[in-house]
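# Per-entry structural report
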Amino acid sequence: VSEATKDITFDRLKENKEKGETITIKVLGANKGGLVTNISGIPAFLPVSQLSSENYPKVEGGDKSKILRKLQEFVGEEMEVKVLDLFPKKDQIILSEKAKNMDKIKEILEGYEVGDVVEGEITGITEFGAFIRFPLDEEKEGYRKLEGLIHISELDWQIIEDPADVVDIGDKVKVKIVDISDGKVSLSLKALKEDPWKGAEMKYQKGAIVEGEVAKINPFGAFVQVEDKIQALCHVSEFEEKRMEEALEVGKKYPFEVLSVSEEEHKMSLRPIEV
């Protein structure tokens, strides 16, 4: 590509970006980071994070090989995108598909507030949470559904290892809007569930002896299941004569002394006894 062609292309794309205009590209390739194309012979890249919610690869467990296979399905297809960034000195163009709908999404979001409860359908599950499309009402002319994310930490009060343990694709659930920012909606499933930590400070006072099952052992401590949805931490520093891994076994129950409890922070610290 000649320098003159490059200059003309970048000037045109700069004008597209300033005006917020969309352009049509043909996807030529894919890698784990996103989709590859070129504009007038100049390499252009569409990061996976800049795909629209409809095309974002919602792969259970975040398996990178599965994500790549999903992205490869777009090769040969045309996409309507906007220019996100330009780097003329490096001959690089960064594109965004989701930006084309951002104004419309922001306009629709004006009808929602933090604290609103909506009902939607789970459309995808990843290692970091679950996507949900809402509302469930039938679409009307000129009306568009929204898609938000229930972060893994907002799925339930207990510690979740795999979002698929809590929800399945196709589930109809009610969620609470906890944040609206830059056209993104953050939702919470646990906010509509009874907080299991309510009353914990009265129930588990400092010095009390509780029996709990070791759920997981990390380098910094052991997570202990005190109740169905209450996990406490027994820090590694609480083990002296025996190493933690030798003293405790996942799946077994042991007696512990309560060191501290905080309902507000949803935390409980334990000390092992008779181990």
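Since this is a predicted model, take the numbers as computed values, not measurements.

### Quick notes on the pattern of salt bridges
Going through the model one piece at a time under the given rule, you end up with 13 salt bridges. Between Lys 229 and Asp 156 there is a salt bridge; the shortest N-O distance is 3.2 Å. Of this pair, Lys 229 sits in the loop between β13 (221–227) and β14 (230–235) while Asp 156 sits in the loop between β9 (146–151) and β10 (172–181), and the two are 73 residues apart along the sequence. A relative accessible area of 26% means that Lys 229 is categorised as partly exposed. Asp 156 sits in the buried class, given a relative accessible area of 7%.

### A look at the sheet that holds strand β2 (residues 29–31)
The strand order across the open sheet built from 6 strands is β1-β5-β6-β4-β3-β2, with neighbouring strands paired in mixed fashion. Since the sheet does not close on itself, it has two edges, and those belong to β1 (22–26) and β2, each with one partner. On average, each strand axis in the sheet is inclined to that of its neighbour by 45°, with strand direction left out of account. Bridge count for strand β3 (residues 34–39) against strand β4 (residues 42–47) is 6 bridges, and the pairing is antiparallel. Of the residues in β4, the one forming a bridge with Asn 38 is Pro 43.

### Focus on helix α1 (residues 3–19)
In this model, α1 (17 residues) spans 24 Å end to end at C-alpha, consistent with the 24 Å of a helix rising 1.5 Å per residue. Along α1, the positions that sit buried rather than exposed are Lys 6, Thr 9, Phe 10, Leu 13 and Asn 16. Looking down the long axis of α1, one finds its buried residues gathered within 120° of arc, a one-sided arrangement. Turned more than 90 degrees away from the buried face of α1 sit Ile 8, Asp 11, Glu 18 and Lys 19, all of them exposed. Summarising the contacts, the buried residues of α1 are in contact with β1, β3, β4, β5 (78–87) and β6 (92–96).

### Section: the nonpolar core
Grouped together as the largest cluster of nonpolar side chains are 23 residues, with contacts concentrated most on Tyr 112, Ile 122, Ile 150, Val 175 and Leu 187. Mapped onto this core, the elements with two or more residues apiece are α3 (102–109), β7 (117–126), β8 (129–134), β9, β10 and β11 (184–188). Among all residues touching Ile 150, those that are not within four sequence positions of it are Ile 122, Phe 128, Gly 129, Ala 130, Ile 132, Leu 155, Val 175, Leu 187, Ser 188 and Leu 189. Counting residues in each nonpolar core, the second largest holds 22 residues, with Ile 23, Val 27, Val 59 and Val 81 among its members.

### Here we look at the sheet that holds β9
Reading around the barrel, the 5 strands line up as β7-β8-β9-β11-β10 and close back on themselves, with mixed pairing between neighbours. Averaged over all pairs of adjacent strands, the angle between strand axes in this sheet comes to 50°, irrespective of strand direction. Strand contacts of α3: β9, β10 and β11, with the helix running at about 75° to β9, the strand carrying the most contacts.

### A short note on the pairing of β8
With 5 of its 6 residues buried, β8 lies for the most part within the structure. In this structure, the hairpin formed by β7 and β8 is closed by a connection of 2 residues.

### Regarding the side chain of Ser 188
By secondary structure assignment, the location of Ser 188 is in strand β11. Separated by 2.6 Å, the side chains of Ser 188 and Glu 154 make a polar contact. Non-local contacts of Ser 188, meaning those with residues more than four positions away in its chain, are made with Ile 150, Glu 154, Val 175, Lys 176 and Val 178.

How each quantity is defined
Residues numbered from 1 in each chain as written. Predicted model: local features only at pLDDT ≥ 70, side-chain atom pairs only at ≥ 80, totals over all residues. Heavy atoms only, no water. Salt bridge = Lys/Arg side-chain N within 4 Å of Asp/Glu carboxyl O. Helix = DSSP H or I, 4+ residues; strand = E, 2+ residues; numbered from the N terminus. Buried < 20%, exposed > 50% of the residue type's maximum accessible area, 1.4 Å probe, protein only. Pairing = 2+ DSSP bridges. Axes fitted to C-alpha atoms, helices over the stretch in contact; angles between N-to-C directions. Expected span 1.5 Å × (residues − 1). Arc of directions from axis to C-beta. Contact = heavy atoms within 4.5 Å. Core = buried A, V, L, I, M, F, W, Y, C linked by side-chain atoms within 4.5 Å. Polar contact = N/O pair within 3.5 Å; in protein donor to acceptor, adjacent residues only side chain to side chain.

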